[in-house]
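# Structural features, examined
Spelled out, the chains give:
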Amino acid sequence: MSVPRATMRLQFHRGFTFAQAASLAPYFSSLGISHIYSSPIMTARPGSLHGYDMIDATHVSAELGGEEGLRRLVRELRRHDLGLIVDIVPNHMAVDRGNAWWMDVLARGRNSRYAKYFDIDWSPADPSLRGKVLLPILGRPYGMALAAGEIALGLDESRQPVVRHFDQALPLSVECTDGLDRDSLAEISAGSVAGLQRLHALLERQHYRLAWWECANDKINWRRFFDVNELAAVRVENDEVFEAVHAALFRLYAAGLIDGVRIDHIDGLSLPGKYCRQLRARLHALERQRPPDCPTGPAYFVVEKILAHDEQLPKSWETDGTTGYDFMNEISLLQHDSAGEHPLNSLWRQISGRADNFKTEEERSRRTILQRSFASQLEAVIDTLCEIAQGDLTTRDISRAALRRSVTEILVQFPVYRIYAQVGDSSQADVAALSQAVLRAAKSCLPGDRRLVEQLARWLIGERIRTDTDPLQGIALTRFQQLSAPLSAKAVEDTACYRYGRLISRNDVGFDPGRLACSTAEFHDRMLMRRKNFPHALLATATHDHKRGEDVRARLAVLSEIAEEWGERLERWIELSAEQFAATVGGPIPDAADRAMLFQTLVGTWPMNLETADQASMKEFAKRITAWQQKSLREAKLQSDWSAPNEAYECGAERFVSWLFAAPTLLLTEIAGFARRVAPAGAVNSLAQVLAKLTAPGVPDLYQGTEYWDFSLVDPDNRVPVDFAARQRLPAASAIASMAENWTDGRIKQFVIARVLAARKKTPELYAEGDYVPLQTAGTLARHVIAFARVLPGATAITLMCRHPARLLGGEQAIAIAKDNWKDTRILLPPDIQSGELVDVLNGAEIRASRTALEAAQVFAGVPVALLTARAS
C-alpha cells in the first residue's frame, strides 16, 4: 500500500469546486501534503454544502465539476505527486425528487426494483402503513394541510401527473395515472368537498402515506440517518445494492482517479465487518486494472468510527484504521491538567445546579432522545423480541411493556456506540460491552425486570434461542444495534455535550467529557498500541464535524491548569453580567449555566489581536457567537429545541449577546483581557498538539484552513471559505524563533507543519514504520515535558513538547519559556537511541546530547516544541 504521508481534508461544494482545488495543488505540495482527502463527490442535493445528502451514487457531482472536472483535478494532483482519498456514504441517501431510486419506490411501492435498496418495513404493526412508506413532510396535520390546499395534483416538467406539496413533487402510483388528464386533475384538485374527497381517496391509493412531520419519530417505518427525515438508510448488506452504490467508485478507482476511501458512519450499516471485508476485496480485485503510473499496492481505507474509552477497532475488518477522532481525544486528554478536576466539578455544580458527573447527564439525555427521536425504531426492536418471546412456552408471559422497559434500560446504560454480535457469534468485546450495560441496567431497572434484563442479555449477545428462531433473532440483533448507534450519537454528542459545561474543551465528537485528563504514561501506552495495531490510521485534531476548533480546545485546556483562578473569574462574570444587564437593558437573561458556557466560548474563540474598539470585527465576531448560541441552546433541548424553539428564551439570549458586544462594557473588557492572557499558553498547547499529530504513529490529517490558528465553532462556522491566497505565501523564515515574535498571526503554526512534513518526506519510512519509543524525563519540571522518539535502523526522530505551560510562561505576550525556568529538567535517552549530534528541524540548530540526556533548556531555547533528527553513522 502507498501510505499517505499527510492528508488535507477539503470540503467541496459549488463555491469550492474541483477546478479551485486543482489551482491549489502547488501549495498543497509545498506544504508537504501527499493526499487530498475530499468530502463526498457523488451527486448530492442541489446546493449541498457537504455532500452527505447524496441523491445519485452513480455520477460525480456536476456542481463540483463532474467526472471531467475530477479527471482534470487528478491530472493536476499527479503533476505535483499528490493522491486523492474520497469520502463515501454507503449508509444513506437523501429523500429528494432527484433521487431516482427513491422516487421509483414511491411510484411502485414494494414492487419497485429499488424497494430492497432502502431499509423499509413493509409490514409494520400499524395497519395503515402496511405496504406503504410514511412520508412525514407536511407542516401541519394531514387533514388541515388537505383542507388548506397545501396538497394538490399537478404536472411535472415531463407533463406527468404528480402530487404537489409546495416545492415537493411526488409521483402517483402507476396504477393511478391511467386516464388522468388535465381536466380530471383540475376536478380532483378543486377545493370543493367532493374534490377534496376524491383527492383524499386518490392519496390513500398511493404507495406512500403523507403525514405531519411531528409524527415521524413515533410512526416512521423506514430507517433514517439518525433522526433526519430527509435521509433514508440504504441496505448495502444486499449484494445487488452494494454493487449499485459502489459502481461509480469502483470505476473511478480502476481508472486510477482515486487512491483511497473514507467510509462515513460505518456503525450505521447492518454488518460493518462484512461490508469492510467485501469492499477491501473488491478494491483489491481492481488493482490490476489501474494505470501503471498510479501508486501501487492496496487502497488506503479508513472508517468513521467513534471509539469509547478502551474500545478497539476490530482488526478483522481489514481497514487501515479510523478517521482520527480517537487521536483527537487522546491529545486533548494529555493537555488537560487532572489537578483541575475537583475545583471545576464544584464550580459547574454550583453555577448550573446540575450534576457534575457527565454520566448522569448522558443517562438523562439517552432517556429523552430514545423517546423523542427513536420511538418508532424502539418499537420495531420490541416487535421482534415480542415475537421471539411468544414463540416459546417458557417466555410467552413476557409482556411488551416489560420488554420496552428492559430494552430501554440497556440502551440508556450502553457504554459504546454498538456491538456486532450475530446469532451464534460474538466477540469478547461484544460480551464485555453488553455485560457492562446489563450490569448497570439491572441496577437502574425495576426490581421485577431484572430477570428479563438478564434474559435479554443472552438474546442480544447472539446466544442461540432455537434453530427455528435464528432469522427472527438476527433481525432483532440488527435492529437493536442499528438503534444503539444513532442513540449514542444524538444523546451524547448532540445533546449531553451541549448540557454539560464543566470545561467545554472536553465536549467533542469521540470524546468522553467525563474524563478531564490522562497521564503521560497513558498517552504513551495509547501511542504504542496505535503503532502496534493501526500504524496508518488517520490522526485528526480538527474535522468538518468538530464542536470547537483545535486551537479553541487547546486554549481552553489552559483553564484546567488555573482552575481556582478561572472559577473566581467565572463566578464574578456570572454575577456582574446579571447586575449590568438588569441595570442597562432589563428583561429575561440566559440562565447561569448558559452564560457559563457562553463565557467559556468567548475566552476560547476570542480572535488573536481583536480589540473591543474594532467595531466591524466585533460585529462579525458577535454574529458568529449568536449563531453558535442558538444552535447550542437547541441541541441541549433544555431551554429551547429544534422541533419547538422557545422564541422568548432565544430572543433574550440573543439580546444578551448584543448587549455584551454593543459597547466595550467592563464585563467584555475583562473577558477579552483574560482571553489574551491565556492565549500564549493556548498557543504553546496548539504547537505541541500539531507536532504530536505530525510525528506520532499514523497519518496526520489537516482540516482545510487549520494551517493557521483555528478558532472555529461547530458547523456551519467550521465550514466557511478558507483564505488560501494568504496561506499560499509560505513563511520564508529559516528558524522558528523569528516566527515566534509574531506568533499571533498563525504563520508559526504553518511553519511547523511545513518543516515537519518536509522531514517526513525525507524519511517517510521512519514515520510510517518506525518504532515508537517513550522517553522519560527528570528534573524540576519533568512533568511539563512530553518526549518520544520514532526509530528505525539508521534513522531517529525525537519529538519534544511542553505540557501544562500556563505557569511556566513569563506572563507577557510571548510563547517562549525562559531558559532559567527549566533548571535541571532533562530528557533521558535510552542506550539504543543514537546520541551525539542532533539537528532541530524547526530552527536548524545543532543540539549536542550527552550520552544519556538532553537538556530541556537547550532544546526549548526558542519555543517549547522541537523535533530533533539524527542518522546513525
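Only a predicted model underlies this, so the values are computations on that prediction, with no experimental measurement involved. (Residues numbered from 1 in each chain as written. Predicted model: local features only at pLDDT ≥ 70, side-chain atom pairs only at ≥ 80, totals over all residues. Heavy atoms only, no water.)

## Some points on the packing of aromatic side chains
- One pass over the structure, following the stated rule, counts 29 aromatic pairs.
- Ring centres of Phe656 and Trp659 lie 5.5 Å apart, and the angle between their planes is 40 degrees; on these two criteria the pair is classed as tilted. Of this pair, Phe656 and Trp659 both sit in helix H25 (residues 647–662), three residues apart, which is roughly one turn of that helix. You'll find Phe656 and Trp659 in the same group, each marked buried. (Phe/Tyr/Trp six-rings, centres within 6.5 Å; stacked < 30°, edge-to-face > 60°. Helix = DSSP H or I, 4+ residues; strand = E, 2+ residues; numbered from the N terminus. Buried < 20%, exposed > 50% of the residue type's maximum accessible area, 1.4 Å probe, protein only.)

## Observations concerning the pattern of salt bridges
- One pass over the structure, following the stated rule, counts 63 salt bridges.
- The shortest N-O distance in the salt bridge between Asp468 and Arg466 comes to 3.1 Å.
- Since its relative accessible area comes to 22%, Arg466 is described here as partly exposed.
- The partner of Glu650 in a salt bridge is Arg634, and the shortest N-O contact between them spans 2.7 Å. In this pair, Glu650 is assigned in helix H25 and Arg634 in helix H24 (residues 615–636), connecting sequence segments 16 residues apart.
- We classify Arg634 as buried; its relative accessible area is 13%.
- Connected through shared salt-bridge partners, Asp310, Asp326, Glu330, Arg515, Glu522, Arg526 and Arg530 make up one network. (Salt bridge = Lys/Arg side-chain N within 4 Å of Asp/Glu carboxyl O.)

## Here we look at the sheet that holds strand S23 (residues 837–840)
- Within the open sheet, the six strands sit side by side as S18-S20-S21-S26-S23-S24. Their pairing is antiparallel. Single-partner strands in this sheet number two, and they are strand S18 (771–774) and strand S24 (846–848). With strand direction ignored, the average angle separating the axes of adjacent strands in the sheet is 30 degrees.
- In this sheet, strand S21 (residues 795–802) lies alongside strand S20 (residues 785–792) in antiparallel orientation, the contact comprising eight bridges. Residue pairing across strands places Val791 opposite Thr796, the latter belonging to S21.
- Docked against the sheet, helix H20 (residues 520–533) engages S18 and S20, running at close to 170 degrees with respect to S18.
- Strands in contact with helix H26 (residues 666–695) are S20, S21 and strand S26 (865–870); relative to S21, the strand with the most contacts, it is inclined by about 155 degrees. (Pairing = 2+ DSSP bridges. Axes fitted to C-alpha atoms, helices over the stretch in contact; angles between N-to-C directions. Contact = heavy atoms within 4.5 Å.)

## What about the nonpolar core?
- Ranked by internal contacts, the top residues of the largest apolar core, which has 231 residues, are Trp102, Leu279, Phe599 and Leu854.
- Of all the elements, H26 adds the most residues to this core, at 17 residues.
- If we ignore the near neighbours within four places in the chain, the residues touching Trp102 are Val95, Asp96, Phe118, Ile120, Val133, Leu135, Trp222 and Ala232.
- One finds Leu385, Ala457, Trp459 and Ile461 within the second-largest nonpolar core, a separate group that totals 41 residues. (Core = buried A, V, L, I, M, F, W, Y, C linked by side-chain atoms within 4.5 Å.)

## Brief notes about the environment of Thr319
- The topology assignment puts Thr319 in the loop between strand S15 (300–303) and helix H12 (325–335).
- On the basis of relative accessibility, which here comes to 10%, the residue Thr319 falls in the buried class.
- It is 24 Å that separates the C-alpha atoms of Thr319 and Leu483, two residues lying 164 residues apart in sequence.
- Not counting residues up to four positions away in its chain, the partners in contact with Thr319 are Cys276, Arg280, Phe301, Val303, Leu313 and Phe534.
- A distance of 3.2 Å separates a polar side-chain atom of Thr319 from the backbone nitrogen of Gly321. (Polar contact = N/O pair within 3.5 Å; in protein donor to acceptor, adjacent residues only side chain to side chain.)

## Description of the packing of helix H16 (residues 400–412) against helix H19 (residues 470–499)
- The geometry of H16 relative to H19 is characterised by a closest axis approach of 10 Å and an angle of 50 degrees between their N-to-C directions. Between H16 and H19, the angle falls in the class oblique. Relative to H19, the crossing made by H16 is right-handed. Along its contact with H16, which presents Val407, Ile410 and Leu411, the element H19 presents Phe480, Leu483, Ser484 and Leu487.
- Here the residues of the contact of H16 with H19 sort into six nonpolar, one polar and no charged. (Parallel < 35°, antiparallel > 145°, perpendicular 65-115°, else oblique. Left-handed = near helix turned anticlockwise from the far one by under 90°. Nonpolar A, V, L, I, M, F, W, Y, C, P; charged D, E, K, R; others polar.)

## Quick word on the sheet that holds strand S19 (residues 777–778)
- Pairing in this open sheet of three strands is antiparallel, and the strands run S19-S22-S25 from one edge to the other. Each end of this open sheet is capped by a strand with a single partner; those strands are S19 and strand S25 (853–855).
- Summarising the sheet, S19 and strand S22 (residues 826–828) pair through two bridges and their orientation is antiparallel. The partner of Thr777 across the bridge, within S22, is Ile827.

## Looking at the side chain of Ser173
- Topologically, Ser173 is positioned in the loop between strand S10 (168–171) and helix H6 (174–177).
- Taking the relative accessible area as the measure of exposure, Ser173 reaches 0% and is therefore buried.
- With residues up to four places along the chain from it excluded, the contact list for Ser173 reads Ala107, Arg205, Gln206 and His207.

## Quick word on the pairing of strand S1 (residues 7–10)
- Residues Thr7 and Arg9 line one face of S1 and the alternating positions Met8 and Leu10 line the opposite face, and both faces are buried.
- Of the pairings in the sheet, the one linking S1 to strand S17 (residues 699–703) comprises three bridges and is parallel in character. Residue pairing across strands places Arg9 opposite Tyr703, the latter belonging to S17.
- Summarising the sheet, S1 and strand S2 (residues 35–38) pair through four bridges and their orientation is parallel. Bridge pairing in S2 links Leu10 to Ser38.

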